[in-house]
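# Descriptive structure summary
One letter stands for each residue in the lines below.
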Amino acid sequence: MIGLLNIVFAALDYGLENLPLWFYAAQLLLLPAMILPMRYFPQASATRDFLGRAGLFALGWAVPFAIYKFAHDVLSPVFDPVASLISYAVTVLLFSLIFAAIRRPRAG
């Protein structure tokens with residue numbers, strides 16, 4: 001589903017006929033990239049330590065979001081690898097902290 005959304009968003013930005021074949025192949029990488037780190041999310045939800053919980057959420061999102069983000073970013077004619085990497089790191093950090101705050105284990 002995420003790969004399909006990335007194709008739709010890229011097609012809206014650059015036109016479906018302008019998307020290279022490697023872009024479609026990169027979307028197939030999302031399947032193993034999402035399945036393999038799936039085990040981090042239940043662990044994160046059960047971890048009491050806030051930073052540990054945030055770190056597990058970050059590990060779960062790191063690879064799938066990297067594929068999603070960089071595959072789309074590199075299509076841009078003004079692609080800046082440093083800006084893309086900083087944007088990626090900030091987004092993963094923010095989502096990890098937010099989810100660590102709202103998905104904490106129950107007291108007890």
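You'll find the structure just up there.
In this text the structure is predicted, and so the values were computed from the model without any measurement. (Residues numbered from 1 in each chain as written. Predicted model: local features only at pLDDT ≥ 70, side-chain atom pairs only at ≥ 80, totals over all residues. Heavy atoms only, no water.)

Okay, helix 5 (residues 50–73) next. Its maximal kink placed at Ala 62, helix 5 deviates by approximately 40 degrees, while the proline Pro 64 follows within four residues. Three or more residues of helix 5 are buried, namely Arg 53, Ala 54, Leu 56, Phe 57, Gly 60, Pro 64, Ala 66, Ile 67, Lys 69, Ala 71, His 72 and Asp 73. Residues of helix 5 that are buried sit in contact with helix 1 (2–14), helix 2 (21–28), helix 3 (30–35), helix 4 (40–46) and helix 6 (81–102). (Bend = angle between axes of the 7 residues up to and from the residue. Helix = DSSP H or I, 4+ residues; strand = E, 2+ residues; numbered from the N terminus. Buried < 20%, exposed > 50% of the residue type's maximum accessible area, 1.4 Å probe, protein only. Contact = heavy atoms within 4.5 Å.)

A word on the pattern of salt bridges. For the coordinates displayed, the defined rule picks out 1 salt bridge. Salt-bridge contacts for Lys 69 lead to Asp 73; the nearest nitrogen and oxygen are separated by 2.7 Å. With Lys 69 and Asp 73 both in helix 5, this residue pair falls 4 residues apart, about one helical turn. Judged by relative accessible area, which is 13%, Lys 69 ranks as buried. For Asp 73, a relative accessible area of 19% corresponds to the buried category. (Salt bridge = Lys/Arg side-chain N within 4 Å of Asp/Glu carboxyl O.)

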